[in-house]
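Summary of the model geometry
Here are the chains, one letter per residue:
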Amino acid sequence: LVHHSCSLRPCLVLIVFLSLNTVAGYSNGKVSKSCKSMRPGHGHARSTKASPYKISVDKNHFSPGDQIRVTLSGSAPGEPFKGFLIQARDTSNLSADAVGSFSLLSNADAQLLNCGSTKGSAVSHTSKSKKMEIKVIWNAPKNSPPSVQFLATVVQHYDVFWVKIPGPVVSQSNVSPPVLPTSATDQTTHPSALTKPFTSKGCGRTKSCLRDPVGCDPETDPKCHFLSFAGQEQSVVFELSGPAEGYVSFALSHDKWMGDDDVYLCVRRNEYVDINPAYVTGRTHPEVELQSTLRNMAWRWSDGVIQCTFQRNIQIPGEEHRFNLDTSYYIFLASGKAEHVKGMIHRHNRQPLISSEKKVISGLPGNLVGSRSPLIIKAHGALMLVAWISTVSIGVIFARFFKPLWPESRLFGEQIWFQVHRVLMTSTVLLTCCAFVLPFAYRGGWSHHAGAHPFLGCTVMALALLQPLMAILRPHPDSLRRYIFNWMHWSAGTIARIIAVAAMFLGVHQQALDLPSPWDTFVLCGFVVWDVAADLVLEIHNYHMIHKAKNVADDEEEIIHSSSEASEGDLFKKIVLAVYICGNLGFLITLLIAINDM
């Protein structure tokens, strides 16, 4: 498709341009998706300091069709800003769409946006260059409400901004200015401090609880991840607790996949904890929203444990991102690092704990259980471990050291060693194929957060499929070209096993399958040492037998099995094989139990 649609260089230029355009989406002022909330999508909490910016107008009264000059500037000299968004809204309903339209006095630093159905109903920046003052003209519409208030969001830096800075109220002639409601602006309310930690008492009786580990008590266990919620008239009270360096959070979701979720964050910022609702679109950074939907907020931070509580109405009309709490949802529980000064949160350290079933938030109390690893990912890990710890290892050692045993015995017309080797290797390929498709089915495509693991997995899959293909095309044992197949077959198999081991070491630390560390690494190291030790023991045994028989004749293989010590050597190999198989199964079962417990 690339070849027929455009040459390589123009396509690369186009891709780079689109990538840069996406990254710089906020700096160019195209912030139409923020029209309603007037919040930048920066993933930071708004500044808690008083705004150093103000809005002024050249008249306080107007008639439909009039024009008003609006100025946005610093309240003191030397207060530049980079981004802004200015709107006028009906004073009686500041959550409604913008009112009227704007005209620009200069196109250098400002541009018009269409918020709602009115063209040019908002003004925003054109670049991230520093600005000292913005002047625009507001055009009063014919169907103007009795009074309007100007609001502005100002971005000083990427992580320092103020939302809905209240400006002057202008009224139609012969209309008295209204008394502003207390919720007219985006004022910051500092939560109070909790005096003691939460407790699990009442879980299942007076409140619903989701805990990790199961049954833990945040009052006594500092490693307890805890969420409780209980209905209270037309609202729900939430308690959230967990050990974290930066934040703890939970989300309500319609499915077990991150995206379009109602999120609540408790972020430590120096000496206090900031509590905010947020929203996630796809696998993106949460967009922090207004605190006005929460009340009775309180927090506690002690000994590395963050705790917060708040109350929220069951239904919040006009807030599309706040889910109704009388509906059932899956619950996500997560924690991670944050920049304590800026409040910027980072990706969670571990896979979130996800409730096994949906729960009506305002419903009857209950004890919930969850898992940090999806079943489909557990199956992927289990199948890969079975293939590359048991079947392939046993199949390789059987073909390498046990060919001469049972020379006269046949199984379905073939030597026993060959049939066992073929069955085990075929099983390895089938298990690998089944395991290979599961992560793609779960992710819906390529995982961009899994590091080198998926690349190693794809390489192993390719080499695994190459082995049976070479086996089908292999020349006759007496062919002069047989040695080529032997070397290619051995090389591809050995490389596949080495890469598979590396993939397993990386895989057990993936967030979707985060086994207990460093215990899981020790188990895998033990398996590698065990496998190498078995190879060395059998190699040394072979060398010893050949060295003893060289004084009798030149045909080493014939000597080994015609000598008086052949039966003892065969018995020793069988014992080593039995012990080796038992050891492999022990490592495998240990890891499978760990996966099942996640």
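Residues numbered from 1 in each chain as written. Predicted model: local features only at pLDDT ≥ 70, side-chain atom pairs only at ≥ 80, totals over all residues. Heavy atoms only, no water.

- By the naming in an unreviewed UniProt entry, the chain is Ferric chelate reductase 1, taken from Lepisosteus oculatus.
- Listed under Sequence similarities (unreviewed entry) in UniProt, the entry text for the chain is "Belongs to the FRRS1 family."
- Regarding the chain, the relevant UniProt record gives this comment under Cofactor (unreviewed entry): "heme b". (UniProt positions renumbered as here; feature names shortened; annotations may be inferred.)

**Here we look at the overall build of the chain**
- Check the secondary structure of the chain and you find nine helices and 28 strands.
- Considering only contacts in the chain between residues 6 or more positions apart, those separated by 24 or more positions represent 63%.
- Counting only carbon and sulfur atoms, one obtains 60% of the accessible surface of the chain, whose full area is about 30400 Å². (Helix = DSSP H or I, 4+ residues; strand = E, 2+ residues; numbered from the N terminus. Contact = heavy atoms within 4.5 Å. Areas by Shrake-Rupley, 256 points an atom, 1.4 Å probe, with all protein chains shown as cover.)

**What to know about the packing of helix H4 (residues 416-443) against helix H5 (residues 453-472)**
- At a minimum axis separation of 10 Å, H4 and H5 run at an interaxial angle of 150 degrees. One way to sum up the angle between H4 and H5 is to call them roughly antiparallel. Regarding H4 and H5, the two cross each other, and that crossing is left-handed. From H4, Val429, Thr432, Cys433, Phe436 and Phe440 reach across to H5, where they touch Gly457, Cys458, Met461, Ala464, Leu465 and Pro468.
- Along the lines of polarity and charge, the residues of the contact of H4 with H5 split into nine nonpolar, two polar and no charged. (Axes fitted to C-alpha atoms, helices over the stretch in contact; angles between N-to-C directions. Parallel < 35°, antiparallel > 145°, perpendicular 65-115°, else oblique. Left-handed = near helix turned anticlockwise from the far one by under 90°. Nonpolar A, V, L, I, M, F, W, Y, C, P; charged D, E, K, R; others polar.)

**Regarding the environment of His421**
- Tracing the backbone through its elements, the reader meets His421 in helix H4.
- Sequence-wise, His421 and Lys403 are 18 residues apart; in three dimensions their C-alpha atoms are separated by 10.0 Å.
- Setting aside residues up to four positions removed in sequence, His421 forms contacts with Gly395, Val396, Ala399 and His489.
- One polar contact links the side chain of His421 to the main-chain carbonyl oxygen of Gly395, over a distance of 2.9 Å. (Polar contact = N/O pair within 3.5 Å; in protein donor to acceptor, adjacent residues only side chain to side chain.)

**Describing helix H3 (residues 375-401)**
- Over its 27 residues, H3 extends 38 Å from the first C-alpha to the last, a length consistent with the 39 Å expected when each residue adds 1.5 Å.
- Taken as a whole, H3 carries its principal kink of about 30 degrees at Ala387.
- Taken across its 27 residues, H3 has 19 buried, putting it largely inside the fold. (Expected span 1.5 Å × (residues − 1). Bend = angle between axes of the 7 residues up to and from the residue. Buried < 20%, exposed > 50% of the residue type's maximum accessible area, 1.4 Å probe, protein only.)

**Digging into the pairing of strand S4 (residues 83-90)**
- The buried fraction of S4 amounts to eight of the eight residues, a majority that puts the element mostly inside the structure.
- Pairing between S4 and strand S9 (residues 147-157): eight bridges, direction antiparallel. Bridge pairing in S9 places Asp90 opposite Val148.
- Sheet topology note: the S4/strand S7 (residues 122-125) ladder contains three bridges and is antiparallel. Bridge pairing links Leu85 to Ser124 in S7. (Pairing = 2+ DSSP bridges.)

**Digging into the packing of H3 against H4**
- Where H3 meets H4, the closest approach of the two axes is 8 Å, and the angle between their N-to-C directions is 160 degrees. With respect to their mutual orientation, H3 and H4 come out roughly antiparallel. In the packing of H3 onto H4, the handedness of the crossing is left-handed.

**A short note on the state of the cysteines**
- Inspection of every chain in the model, using the stated rule, returns four disulfides.
- Across the disulfide, Cys35 is cross-linked to Cys115 (sulfur-sulfur distance 1.9 Å). Residues Cys35 and Cys115 are joined through a disulfide that is left-handed, its torsion about the S-S bond being -65 degrees. With Cys35 in the loop between helix H2 (8-23) and strand S1 (53-57) and Cys115 in the loop between strand S6 (110-113) and S7, this residue pair connects regions lying 80 residues apart in the sequence. (Disulfide = S-S within 2.5 Å.)

**Digging into the packing of aromatic side chains**
- Taken as a whole, this structure holds 21 aromatic pairs when the rule is applied.
- Judged by centre distance (6.1 Å) and plane angle (45 degrees), the rings of Phe229 and Phe238 are tilted.
- Taken together, a centroid distance of 5.0 Å and an interplanar angle of 90 degrees make the contact between Trp257 and Tyr442 edge-to-face. Note that Trp257 is positioned in the loop between strand S15 (247-253) and strand S16 (261-269) and Tyr442 in helix H4, a separation of 185 residues in sequence. (Phe/Tyr/Trp six-rings, centres within 6.5 Å; stacked < 30°, edge-to-face > 60°.)

**A closer look at the pattern of salt bridges**
- Enumeration according to the criterion identifies 10 salt bridges in this entry.
- Here Asp97 and Lys36 are joined by a salt bridge, their closest N and O atoms 3.6 Å apart. Of the two residues, Asp97 sits in the loop between S4 and strand S5 (101-104) while Lys36 sits in the loop between H2 and S1, which places them 61 residues apart along the sequence.
- Classification of Lys36 by relative accessible area gives partly exposed; the value is 45%.
- Its salt-bridge partner being Asp262, residue Arg322 comes within 2.5 Å of it at the nearest N-O pair. Placement of the pair is Arg322 in the loop between strand S20 (305-313) and strand S21 (328-338) and Asp262 in strand S16, with a sequence separation of 60 residues. Each of the two residues, Arg322 as well as Asp262, counts as buried.
- What you see here is one network of salt bridges that share partners, running through Asp262, Arg312 and Arg322. (Salt bridge = Lys/Arg side-chain N within 4 Å of Asp/Glu carboxyl O.)

**Remarks on the sheet that holds strand S12 (residues 208-212)**
- With mixed pairing, the seven strands of this open sheet are ordered in space as S11-S19-S20-S14-S13-S12-S25. Lying at the two open borders of the sheet, with one neighbouring strand each, are strand S11 (192-193) and strand S25 (367-368).

**Looking at the sheet that holds S6**
- Reading across the sheet, the six strands line up as S2-S10-S9-S4-S7-S6 and stay open at both edges, with mixed pairing between neighbours. A strand with exactly one partner marks an edge of an open sheet, and here the two such strands are strand S2 (61-62) and S6.

**Things to note about a nonpolar patch on the surface**
- Among the surface-exposed residues, Tyr483, Ile484, Trp487, Met488 and Trp490 lie close enough to one another that they form a single nonpolar patch of about 610 Å² accessible area.
- For Trp487, the location among the structural elements is in helix H6 (residues 482-507). (Patch = residues over 30% accessible without salt bridge, like charges linked within 9 Å, V, L, I, M, F, W, Y side chains within 5 Å.)

**Observations regarding unusual backbone geometry**
- For the peptide bond that leads from Asp212 to Pro213, omega is 5 degrees, which places it in the cis range.
- With respect to the element layout, Pro213 can be found in the loop between S12 and strand S13 (225-232).
- Even without glycine at this site, Glu233 takes up a positive phi of about 55 degrees.
- Structurally, the position occupied by Glu233 is in the loop between S13 and strand S14 (235-243).

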